[in-house]
Amino acid sequence: MAFPERFSNLPEYAFPRLRALLDHHQPGGAPVAMTIGEPRHEMPPFLAEVLNAHLDGFARYPTNEGIPALLEAIQGWISRRYGADLTPENLMVLNGTREGLFNAALALCPEHKHGQTPVILTPNPFYQAYAVASLVIGAEPVYVPATEASGHLPDYMNLPAETLDRVAIVYICSPANPQGSVADAEYLRDLITLAQRHDFQIFADECYSEIYRDTPPPGVLQIAREMGADPERVLPFHSLSKRSNLPGLRSGFVAGGVESIRRIRQLRAYAGAPLPEPLQHVAAAAWNDEAHVDRSRALYQQKYALADRIFAAVPGYQGPEAGFFLWLPVEDGEAAALHLWQQTGIRVLPGAYLSREMEGFNPGKKFIRVAMVTPIDELEEALRRLRNCIYP
């Protein structure tokens, strides 16, 4: 039987790799999972009533585009958060943003750019859905290091012109997973200007936008509006997973120009799985409420302060600007993760599992990613155990 070659260089996904690394060793203490970005703060308490009120919707196939109540809630949130006034034709409801970040590339990436194979630019390290999308459509993925030297953001602006002329799509994650860095307004303006000059689209993964220390991170919609940029140029992706502590709801959206959204909707009608209607009502209620988001953010801000105190003396420690991950420097991420598991029972993710080695360099190799999602009292104990084990 013949199988495709396009995934032959795809490494095992991060979490199966982690199980293979750790699970045949005994933990050195009570296990504490700090690997996956699964929020454990309180879900909005009023959502159960919303779900119960719309249970009859499970008896109907859901609409592909999104119910009016959900589209209106998203429009309202975008207007309040970014000052952008969008219509329903500018929005597509998603079954989680992973689906959108993947399928949007299938729907929008051209087969050729200037007669050549198109390039998709991806930060390195990165969310793994970006890479798979590139491989499926036959584009050339180019992984651009996001290291301390570049502020933990990819330096797309200094790539060779011949590469940029072939670019069809650029992925940017801000706040960044895993480093917690934020692309400021100047960075986003420069990136949009670059997109206009070289004619590519920006896929902005902004799923962590509502978890930050002090200042709300800017978004591409806000900056594009201020610049008067072509609405087709930028597509931000948002989710309720992190904002509202609802990872199991699988609800997000993508915004963009009318033509881009039309093409995404068309592909989704053939190959997608719309969010069930009762869950769309739940999502609408979540987008319409900010009080639960404020409460959750305050807890994360306490966690930032806690981590800053515990790791203050660790050479190279940089507390995250936003998001809920620590990106901690170590000699070797795999060795550190295994040692930590064997000595303390704490599970963390080696940074190399989120990166690609390019020209002999893997920008995640000397890091571990630590998800600060546990309740703060448990988090404090776990971080102190980690600090004493890895940085004695």
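Every value quoted in this text rests on a predicted model; they were computed, and no experiment measured them.

S.K.: What should I look at first to understand the overall build of the chain in this one?
M.R.: When helices and strands are counted, the chain shows 14 helices and twelve strands. Its C-alpha atoms give the chain principal-axis dimensions of roughly 55 × 55 × 50 Å. Burial analysis of the chain (392 residues in total) assigns 56% to the buried set. Taking as baseline every contact in the chain between residues at least 6 positions apart, the subset at least 24 positions apart corresponds to 78%. Split by element, the accessible area of the chain, about 16,800 Å² in all, is 52% carbon and sulfur.

S.K.: Any chance you could explain the nonpolar core here in plain terms?
M.R.: Note that soluble globular proteins tend to have their nonpolar side chains buried in a common cluster. Formed by 47 residues in total, the largest nonpolar core has its most connected members in Phe-311, Leu-383 and Leu-386. For this core, the elements supplying multiple residues, two or more each, are α1 (14-22), α12 (291-310), β9 (325-329), α13 (333-344), β12 (367-371) and α14 (376-390). A total of six residues in this core trace back to one element, the largest contributor, which is α14. Here this core spans two domains, since at least three of its residues come from each of domain 1 (14-42 + 291-390) and domain 2 (46-289). Ignoring anything within four residues of it in the chain, the contact list for Leu-386 reads Phe-311, Leu-328, Leu-340, Ile-346, Val-348, Val-370 and Tyr-391. Ile-67, Tyr-82, Leu-91 and Trp-287 belong to the second-largest nonpolar core, a separate cluster that totals 28 residues.

S.K.: Looking at this structure, how should I read the packing of aromatic side chains?
M.R.: Any aromatic ring pair is given by two values, namely how distant the centres are and how the planes are angled relative to each other. A full pass over the atoms with the stated rule returns 18 aromatic pairs. A ring pair is formed by Phe-126 and Tyr-130, whose centres lie 6.5 Å apart and whose planes are at 25 degrees; its orientation type is stacked. Accessibility expressed as a relative area gives 2% for Phe-126, which makes it buried. With a centroid separation of 5.6 Å and 25 degrees between ring planes, the pair formed by Phe-311 and Tyr-317 is classed as stacked. Judged by its relative accessible area of 0%, Phe-311 falls in the buried class. For Tyr-317, a relative accessible area of 16% puts it in the buried group.

S.K.: Please clarify how the sheet that holds strand β2 (residues 91-94) should be interpreted in this entry.
M.R.: Sheet strands pair via backbone hydrogen bonds, and the direction of the pair is either parallel or antiparallel. Here seven strands make up an open sheet; going across it, the order is β2-β8-β7-β6-β5-β3-β4 and the pairing mixed. What marks the edges here is a single partner per strand, and that holds for β2 and β4 (140-145). For this sheet, the mean angle separating the axes of adjacent strands, direction not counted, is 20 degrees. Of the strands in this sheet, β6 (201-205), β7 (234-239) and β8 (252-255) touch helix α8 (residues 220-227), which is tilted by about 150 degrees from β7.

S.K.: I keep staring at α8 and nothing clicks. Help me out?
M.R.: Since the α-helix packs 3.6 residues into each turn, any two residues three or four apart lie on the same face. Looking at α8, one finds that the buried residues are Val-220, Leu-221, Gln-222, Ile-223 and Ala-224. The elements touched by buried residues of α8 are α3 (68-82), α7 (185-198), β6, β7 and β8. Directly after α8, the chain includes Gly-228, whose backbone phi takes a positive value near 70 degrees.

S.K.: Sorry, what's going on with the domain arrangement of the chain here?
M.R.: As a measure of interface size, the accessible area lost when the parts come together is often cited. Assigned domains within the chain: domain 1 (14-42 + 291-390) and domain 2 (46-289). The distance between the C-alpha centroids of domain 1 and domain 2 comes to 26 Å. Listed by partner, the interface residues are 31 residues for domain 1 and 30 residues for domain 2. Taking both partners together, domain 1 and domain 2 bury about 2,900 Å²; carbon and sulfur atoms supply 54% of that area. Summed over the three residues of domain 1 that lose the most area to domain 2, namely His-292, Glu-321 and Arg-356, the buried surface amounts to 20% of that side. Across the contact surface, domain 1 and domain 2 share two salt bridges. Between Arg-213 and Asp-308 there is a salt bridge, with its nearest N and O atoms 2.9 Å apart. If you look at where domain 1 meets domain 2, you find 23 residue pairs in polar contact (both at pLDDT 80 or more). Mapped onto the side of domain 1 that touches domain 2, the elements with two or more residues apiece are α12 and β9. In terms of residue count, the dominant contributor to the side of domain 1 that touches domain 2 is α12 (nine residues). Here the side of domain 1 that touches domain 2 is composed, by residue class, of 15 nonpolar, nine polar and seven charged.

S.K.: Help me understand the pairing of β8, please; the structure alone is not making it clear to me.
M.R.: It is a general feature of regular strands that their side chains alternate between the two faces of the sheet. Burial along β8 is two-sided: Gly-252 and Val-254 and Phe-253 and Ala-255, pointing in opposite directions, are all buried. Across four bridges, β2 lies against β8 in antiparallel orientation. When the sheet's bridge partners are listed, Leu-91 is paired in β8 with Ala-255. Sheet analysis places β7 next to β8, joined by three bridges and oriented antiparallel. When the bridges of β8 are listed, His-238 appears paired with Phe-253.

S.K.: For this particular structure, what's the right way to read the side chain of Gln-201?
M.R.: Looking at the element boundaries, Gln-201 is found in strand β6. Separated by 2.7 Å, the side chain of Gln-201 and the backbone oxygen of Glu-232 make a polar contact. Among the polar contacts made by the side chain of Gln-201, one reaches the side chain of Ser-260 at a distance of 3.0 Å.

S.K.: When you look at the pattern of salt bridges in this model, what are you seeing that I'm missing?
M.R.: Oppositely charged side chains are able to pair whenever their charged atoms sit close together. The tally for this structure, following the rule as stated, stands at 15 salt bridges. One salt bridge in this structure joins Arg-347 and Asp-23, with 3.0 Å as the shortest N-O distance. Within this pair, whereas Arg-347 is found in strand β10 (residues 346-347), its partner Asp-23 is found in the loop between α1 and β1 (32-33), the two being separated by 324 residues in sequence. Given the relative accessible area of 15%, Arg-347 is considered buried. Of the charged contacts in the structure, one is a salt bridge between Arg-297 and Asp-294, with a shortest N-O distance of 3.0 Å. Here Arg-297 and its partner Asp-294 are both found in helix α12, three residues apart, which amounts to about one turn of the helix. Among the charged side chains, a network of salt bridges with common partners joins Arg-81, Glu-210, Asp-294 and Arg-297.

Parameters and conventions
Residues numbered from 1 in each chain as written. Predicted model: local features only at pLDDT ≥ 70, side-chain atom pairs only at ≥ 80, totals over all residues. Heavy atoms only, no water. Helix = DSSP H or I, 4+ residues; strand = E, 2+ residues; numbered from the N terminus. Buried < 20%, exposed > 50% of the residue type's maximum accessible area, 1.4 Å probe, protein only. Contact = heavy atoms within 4.5 Å. Areas by Shrake-Rupley, 256 points an atom, 1.4 Å probe, with all protein chains shown as cover. Core = buried A, V, L, I, M, F, W, Y, C linked by side-chain atoms within 4.5 Å. Domains from an automatic or database assignment. Phe/Tyr/Trp six-rings, centres within 6.5 Å; stacked < 30°, edge-to-face > 60°. Pairing = 2+ DSSP bridges. Axes fitted to C-alpha atoms, helices over the stretch in contact; angles between N-to-C directions. Buried area = accessible area lost by both parts, 1.4 Å probe. Salt bridge = Lys/Arg side-chain N within 4 Å of Asp/Glu carboxyl O. Polar contact = N/O pair within 3.5 Å; in protein donor to acceptor, adjacent residues only side chain to side chain. Nonpolar A, V, L, I, M, F, W, Y, C, P; charged D, E, K, R; others polar.

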